[in-house]
Amino acid sequence: MQYWLLKSEPEMFGIDDLQRRPQQIEHWDGVRNYQARNFLRDQMQVGDLAFFYHSNCSPPAIVGVIRIVRAGYPDHTAWQLNHEHFDGKSTPEKPRWFMVDVQYVRHLQRPIALAELKSDPRLHDMPLLQKGGRLSVMPVREEHWNHILQMEREKNG
DNA sequence: GCCAACGTTGGC
DNA sequence: GCCAACGTTGGC
């Protein structure tokens with residue numbers, strides 16, 4: 001069982017959108033970075049949990065918990081000609097990009113903003129907070145996961 | 001293989 | 001809107 005952090009821009013697809021999907025399940029498509037692809041394709045397992053992170057918004061924050069309900073499989077949006085994530089180098093015969101299916105679990109009781117994560121010394125070595133931590137899919141160590149859930153409970157508002 | 005140009009991410 | 005920090009592309 002591993003933990004993850006998945007980024008999405010809430011204006012494109014936020015946690016509320018996931019909550020409204022049928023069975024609260026959606027495929028996590030559009031990842032077009034090889035390192036992130038490798039995590040999706042090779043490491044994510046059904047039952048893994050992930051933080052849903054809202055990026056490119058104000059404030060950027062962890063807003064909820066989601067669960068992996070289908071392991072990596074080819075991202076078919078890559079070969080849909082008019083799709084915004086189209087990539088001609090990926091084909092059904094030789095898929096280049098992969099995705100997983102995720103299911104809504106819950107919102108955090110309060111969003112935990114990037115600034116708060118940065119201010120906590122116990123989280124300093126999270127990949128999210130490193131220079132150049134732009135990956136949209138990254139692993140979260142168990143102690144970081146637990147500590148963030150602890151932060152959720154400690155303050156209110 | 002090198003590296004300059006270019007495109008993207010994403011915080012601020 | 002700005003721009004730092006990437007990653008990718010393609011000429012050589």
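Residues numbered from 1 in each chain as written. Chains lettered and ligands numbered in written order. Predicted model: local features only at pLDDT ≥ 70, side-chain atom pairs only at ≥ 80, totals over all residues. Heavy atoms only, no water.

1. Section: the overall build of chain A
Argument step 1. The number of helices and strands found in chain A is five helices and six strands.
Argument step 2. The N-to-C order of helical and strand elements in chain A reads β-α-α-β-α-β-β-β-α-β-α.
Argument step 3. Relative to the compact-globule value of 15 Å for 157 residues, chain A shows a C-alpha radius of gyration of 16 Å, a close match.
Argument step 4. By its C-alpha atoms, chain A is 50 × 35 × 30 Å across when sized along the principal axes.
Argument step 5. Buried positions account for 45% of the 157 residues belonging to chain A.
Argument step 6. Considering only residue pairs separated by 6 or more positions, chain A has 73% of its internal contacts joining residues 24 or more positions apart. (Helix = DSSP H or I, 4+ residues; strand = E, 2+ residues; numbered from the N terminus. Rg over C-alpha atoms; globule rule 2.2 N^0.38 Å. Buried < 20%, exposed > 50% of the residue type's maximum accessible area, 1.4 Å probe, protein only. Contact = heavy atoms within 4.5 Å.)

2. A few points about unusual backbone geometry
Argument step 1. Cis peptide bonds are those with omega within 30 degrees of zero, and the linkage from S58 to P59 qualifies with -5°.
Argument step 2. Among the structural elements, P59 can be located in the loop between β3 (49-54) and β4 (61-74).
Argument step 3. For Q24, which is not glycine, the phi torsion reads 60° and is therefore positive.
Argument step 4. Within the element layout of this structure, Q24 appears in the loop between α2 (15-20) and β2 (25-27).
Argument step 5. Taking the relative accessible area as the measure of exposure, Q24 reaches 27% and is therefore partly exposed.
Argument step 6. The phi dihedral of N56 falls on the positive side, at around 55°, and the residue is not glycine.
Argument step 7. Mapping N56 onto the fold places it in the loop between β3 and β4.

3. What about the protein's contact with DNA strand B?
Argument step 1. Contacts to DNA strand B come from K7, Y53, S55, N56, P60, L114, K118, R134 and L135.
Argument step 2. Counting only atoms of DNA strand B within 4 Å of the protein, the sugar-phosphate share comes to 76%.
Argument step 3. For DNA strand B, a phosphate oxygen lies 2.8 Å from a polar atom in the backbone of N56.
Argument step 4. Between DNA strand B and R134 there is a distance of 2.4 Å, counted from a phosphate oxygen to a backbone nitrogen or oxygen.
Argument step 5. Looking at the surface near DNA strand B residue by residue, the class counts come to four nonpolar, two polar and three charged. (Near = heavy atom within 4 Å. Polar contact = N/O pair within 3.5 Å; in protein donor to acceptor, adjacent residues only side chain to side chain. Nonpolar A, V, L, I, M, F, W, Y, C, P; charged D, E, K, R; others polar.)

4. Notes on the protein's contact with DNA strand C
Argument step 1. Close contacts around DNA strand C come from Y34, K89, K131, G132 and R134, and that covers them all.
Argument step 2. Of what DNA strand C places within 4 Å of the protein, 67% of the atoms are sugar or phosphate.
Argument step 3. In this structure, a phosphate oxygen belonging to DNA strand C sits 3.0 Å away from a side-chain N or O atom of K89.
Argument step 4. Here a base oxygen of DNA strand C sits 2.9 Å away from a polar atom, N or O, in the side chain of R134.
Argument step 5. A class-by-class count of the residues in the surface near DNA strand C yields one nonpolar, one polar and three charged.

5. Comments concerning the nonpolar core
Argument step 1. Ranked by internal contacts, the top residues of the largest apolar core, which has 43 residues, are W28, F51, L117, L128 and I148.
Argument step 2. What L117 contacts, discounting residues up to four positions off in sequence, is I62, I112, L123, L128, L129, I148 and M151. (Core = buried A, V, L, I, M, F, W, Y, C linked by side-chain atoms within 4.5 Å.)

6. Regarding helix α3 (residues 34-43)
Argument step 1. Among all positions of α3, only A36, R37, F39 and L40 are buried. Projection of α3 onto a plane perpendicular to its axis shows the buried side chains occupying an angular sector of 160°, all on one side.
Argument step 2. Looking at the buried positions of α3, the neighbouring elements they touch are β1 (3-8), β4, β5 (98-113) and β6 (137-140).
Argument step 3. With a side-chain oxygen positioned 3.0 Å from the backbone nitrogen of Q35, the residue opening α3 is N33. (Arc of directions from axis to C-beta.)

7. Digging into the packing of aromatic side chains
What describes a pair of aromatic rings is the distance from one ring centre to the other and the angle between the planes of the rings.
Argument step 1. In total, this model carries seven aromatic pairs according to the counting rule given.
Argument step 2. Through a chain of ring-to-ring contacts, three or more aromatic side chains come together here, namely Y3, F51 and W145.
Argument step 3. For R41, the ring lying beneath its charged end belongs to F98, and the centroid distance is 5.9 Å.
Argument step 4. For R70, the ring lying beneath its charged end belongs to Y73, and the centroid distance is 3.4 Å. (Phe/Tyr/Trp six-rings, centres within 6.5 Å; stacked < 30°, edge-to-face > 60°. Lys NZ or Arg CZ within 6 Å of the ring centre and 35° of its normal.)

In short, the description is geometric, and any link to function would need to be established separately.
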